Amino acid sequence: VYIPSTSEAAAGTVTLTLTSINPPGSCPGVIDQMVITINPLPTANAGTVQHVCSGSGITLAGSIGGSAIGATWSGGTGTYSPGNTTLNAIYTASTAEFATGSVTLTLTTNDPPGPCIFSASNVTFYFYDTPIVDFTADSIVGCTIHCTNFTDLSIVAGNDTVSSWAWDFGDGSSGSTLKNPSHCFLHSGYYDVKLTVTSIHGCVSSATKIHYINVFAHPVAAFS
């Protein structure tokens, strides 16, 4: 059994020579040579374990090497875009996979020419829950200047929590990053209020309530 050296494997070939021991008598020794072609093994790497937010597409990071000239993704019940033969395809998990909390995908190389067989690699993706956004206000109707207190009611499944808030009160103000802010509306009108929250794992979700705050102008008294 001959094990090629690293340099011979890199070169892709090695020549071995068999020489007979000089026999007794008048016959000379003889030699013969054998050329061995070394085919590189195909390699596949499906990437590292990732944690992604539910509902988000996953950018795959597959790579191949050696004699492999292509590979195919398999596993899962979701969809690949543009297709499962693209190493960096976008994988969109199915609803069932998001509910389960994980999915394992396999990257398998094509069957290369020569004696070497295919190679395969697995990667598992875990899903973080996306926040469910909701909020309320203690007074949604009033006259200018109308001030109200907002209360965040957002939740995240499992052990996740909300870590940041971004309020847009719809009146052109700078908004607020407090969990439960107070805000005064200076002018009459109907205002859409939007709340965007981010979980401790970076999952973002938002909700907008249309015409949530109604501010009326004061009447102008006049007589003659």
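Scoring rules and cut-offs
Within any chain, residue numbers begin from 1 and follow the written order of that chain's sequence. Two thresholds apply to this predicted model, a pLDDT of at least 70 for residue-level local features and 80 or more for giving and counting side-chain atom pairs, whereas whole-chain, interface and lining totals are computed over all residues. Excluded from the side-chain calculations are hydrogens and water; all other atoms, namely the structure's heavy atoms, are used. Counting from the N terminus, the helices are the DSSP runs of H or I reaching at least four residues and the strands are the DSSP runs of E reaching at least two. Atoms counted for the radius of gyration: C-alpha only. Globule rule: 2.2 Å times residue count to the power 0.38. Think of it in three bands: residues with accessible area under 20% of the maximum for their type are buried, residues over 50% are exposed, and the middle band is partly exposed, with areas taken using a 1.4 Å probe on protein chains only. Throughout, a residue-residue contact means that at least one pair of heavy atoms, one from each residue, lies within 4.5 Å. To measure how exposed things are, a 1.4 Å probe is used in the Shrake-Rupley method; for residues, cover is taken only from the protein chains shown. Any two cysteine sulfur atoms lying within 2.5 Å of each other are counted as a disulfide.

S.K.: It is not clear to me how the overall build of the protein chain should be interpreted in this structure. Could you clarify?
M.R.: In terms of regular secondary structure, the protein chain is built from 2 helices and 18 strands. What you see for the protein chain is a C-alpha radius of gyration of 34 Å, clearly larger than the 17 Å of a compact globule of 224 residues, by over 25%. Along the three orthogonal principal directions, the C-alpha set of the protein chain runs to about 145 × 30 × 25 Å. For the protein chain, the proportion of its 224 residues judged to be buried stands at 32%. When contacts within the protein chain are restricted to residue pairs at least 6 apart in sequence, long-range pairs at least 24 apart make up 57% of them. Summing over all exposed atoms, the protein chain offers an accessible surface of approximately 13300 Å²; the carbon and sulfur share of this is 58%.

S.K.: In this structure, what is going on with the state of the cysteines? I would like to understand it.
M.R.: In protein chemistry, a disulfide is the covalent bond that joins the sulfur atoms of two cysteines. Taken as a whole and judged by the stated rule, the model has 2 disulfides. One disulfide bridge connects Cys53 with Cys203, the sulfur atoms lying 2.1 Å from each other. Of note, the bridge from Cys53 to Cys203 carries an S-S torsion of about -95° and is left-handed in sense. In this pair, Cys53 is assigned in strand E4 (residues 50-53) and Cys203 in the loop between strand E17 (189-199) and strand E18 (204-216), connecting sequence segments 150 residues apart. As far as the burial class goes, Cys53 and Cys203 line up, both buried. Here Cys147 pairs with Cys184 through a disulfide, and the sulfurs are 1.8 Å apart. A torsion of 105° about the S-S bond marks the disulfide between Cys147 and Cys184 as right-handed.

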